[in-house]
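# Breakdown of the fold
One letter stands for each residue in the lines below.
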Amino acid sequence: MITLENIVKTYGSGERAVTALDGIDLHVAAGTISGVIGLSGAGKSTLIRCVNLLERPTSGRVEVDGVELTSLDTAGLRAARHQIGMIFQHFNLLDSRTVYANVALPLELMKMDKAQIRERVLPLLELTGLASMAERHPAQLSGGQKQRVAIARALASRPKVLLCDEATSALDPHTTTSILALLKEINQKLGLTILLITHEMEVVKTICDQVSLIEGGKLVETAEVGRFFTAPASRAARAFINDYLELEIPPELLARMGESSDGRTHPVVRLTFGTESVDRPLISHLSRRFDIDISILQARVEAIQSHTLGLMIAELIGDPETTAEVIAYMQSIDLDVEVIGHVPGNE
Amino acid sequence: MFLGMSEAMLERLWQATLDTLVMVAVSGVISILLGLLLGVALYVTRPGRFLARPLLHGLLGIIVNVGRSIPFIILMVAIVPFTRLLVGSSIGINAAIVPLTVAAIPFVARLVEGSLNEVSPGLIEAAQSMGATAPQIILKVLLPEARGGLITAATITLITLIGYSAMAGAVGAGGLGAIGINYGYNRYDSAVMISTVTIMVVLVQLIQMIGDYLVRKAQHK
């Protein structure tokens, strides 16, 4: 539904030119929700604005629903934009208009008559849970309600694609959840294709089918969400996920932990379980099979849609040969093992 | 204070008040309309905006600045030939309306540009994402969203014009300013002087109150 091909965007020229996007290739399949995640300044905002040409790429092709936007004239582009709804971090509602009139605005711009507009707007207010607020002004609404108005407004022209520019970043966690649920609902009910940008892993985890990590104007990795969390291919993605999961090593352990090992130290390992291995009683199994003790220092299980991701930090207590054997065994099954240090045993 | 004035003087004051109102109203309406156009033009042609025309923007900016920097009393005299051409005379109410309007247009334009600058650029971006044309952005988004600021701008303009019209009165335009100078100042008639000033204060108050009321009604914040 959306195809970006080798998108480059530079600001300024000559020596002072700044490259915001550096050869972006992205494909979003019809009916899916795709997320682009990255830190501020990575180029997310520019990227999403290139999809409906609010920002014109310096070079590259943008195609939405089979139409090459980059080759359209002004009138053609305006018509194409009716097929692409957009919502924003700060909602961008018109304070001078009521909720109803805000949702009606894109239809007025399309020169639809009043009766037709009414027919479109009322069901949208129903869908977004705003039916009782039609005559209120944005100033009387909460942030979540404002974003609902913005969503209804973006859907008014019956677009095929919805672009979400940090749509939940200004909202509290509870409201974020309800807005994400609404986005998922319209994705499923209306078959709408959604492309969103965010710096919040939670958003990606909750509703995206596909995720791309952007860093320094480049897409570092694009993957199905479950895979992205359980088997990130790039170092940048791994770092991002670790930051998000905040699996911290207890400070007293960190104080005792050293880089090197000798006969009297025990390895501390970080284990990452995929969906296949997370349900297995691994610890007791290892303990029985290799005759060692395993002390669990930290553990966390994350549900990422249909996937499960387990993370654990554990100390392997046994003689060096046995612990080496255990680590080798764990690596041979569906388990990601990283030795993060060694602690002296407490004899 | 109106007590003890001759019937003829009261009649003169009444006529002068009407003259001032006519001068202010006519020059106000014309300058607000033309100033609005010029202000919108300044806004949309600024580099980075949706109808960016840097050269035109620079040119309009210079014209507006020149217009605003000439003192009114000098402008009034300087454009006498233009005034004659337009209304056939250089004295009287009609003649005063011309310089009042000319002086107020750049003033209004800057005030309009200022209130449009207050509209969040995000709203324009949203309108563009909906496929709005430039006129649609101006009429459906910019002007309605800047309504409060625009009403304030109109209020300030009308009040400024009351002051200017009194100045015009000093050089033969008629109105309250002329009465104040001719009878109050030149003939040391302090009752007349105080009366003209009082009437002008009341006019300013009224315009300000109406303006404030309309701003409150226009805003939904």
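Residues numbered from 1 in each chain as written. Chains lettered and ligands numbered in written order. Predicted model: local features only at pLDDT ≥ 70, side-chain atom pairs only at ≥ 80, totals over all residues. Heavy atoms only, no water.

### Some words on the pattern of salt bridges
All names here are of chain A. In this structure the tally under the stated criterion is 18 salt bridges over all chains. Put simply, E68 and R61 hold a salt bridge, and the shortest N to O gap is 3.4 Å. What makes E68 partly exposed here is its relative accessible area of 29%. Of the charged contacts, one joins E338 and R270 as a salt bridge, the two residues approaching to 3.4 Å between their closest N and O atoms. Here E338 is found in strand β14 (residues 335–344), whereas its partner R270 is found in strand β11 (residues 265–273), with 68 residues between them in sequence. Classification of E338 as partly exposed rests on a relative accessible area of 40%. For R270, a relative accessible area of 15% translates into the label buried. (Salt bridge = Lys/Arg side-chain N within 4 Å of Asp/Glu carboxyl O. Buried < 20%, exposed > 50% of the residue type's maximum accessible area, 1.4 Å probe, protein only. Helix = DSSP H or I, 4+ residues; strand = E, 2+ residues; numbered from the N terminus.)

### Things to note about the confidence of the model for chain B
Of the residues in chain B, 98% have a pLDDT of 70 or more, and the chain-wide mean is 92. We note a pTM of 0.85 for the whole complex and an ipTM of 0.86 for its interfaces. (pLDDT = per-residue confidence, 0-100.)

### Topic: the pairing of strand β10 (residues 218–224) of chain A
Residue and element names in this part refer to chain A. As paired elements, strand β9 (residues 210–215) and β10 share six bridges and run antiparallel to each other. Along β10, the bridge assignment pairs V211 with A223. As consecutive antiparallel partners, β9 and β10 are separated by two residues, and within that stretch G216 has a phi angle of approximately 55°, a positive value. (Pairing = 2+ DSSP bridges.)

### Observations regarding the sheet that holds β14(A)
Residues and elements named next belong to chain A. Judged by pairing direction, the sheet is antiparallel, and its four strands sit side by side in the order β12-β13-β11-β14 without closing on themselves. Both edges of this open sheet fall to β12 (293–304) and β14, since each of them pairs with a single strand only. The average angle at which neighbouring strand axes cross in this sheet is 15°, direction not considered. Relative to strand β13 (residues 307–317), β12 runs antiparallel, the two being bridged by eleven bridges. Note that in β13 the partner of V301 across the bridge is G310. Sitting on the sheet, helix α9 (residues 235–245) touches β11, β12 and β13, and the angle it makes with β12 is about 100°. (Axes fitted to C-alpha atoms, helices over the stretch in contact; angles between N-to-C directions. Contact = heavy atoms within 4.5 Å.)

### Brief notes about the sheet that holds strand β5 (residues 67–68) of chain A
Residue and element names in this part refer to chain A. Here four strands make up an open sheet; going across it, the order is β2-β1-β4-β5 and the pairing antiparallel. One side of each edge strand has no neighbouring strand; the edge strands of this open sheet are β2 (18–28) and β5. Sheet analysis places strand β1 (residues 2–11) next to β2, joined by eight bridges and oriented antiparallel. What sits directly across from K9, in β2, is L21. Here helix α1 (residues 44–51) sits on the sheet and contacts β1, β2 and β4 (59–64); the angle it forms with β1, its principal contact strand, is near 125°.

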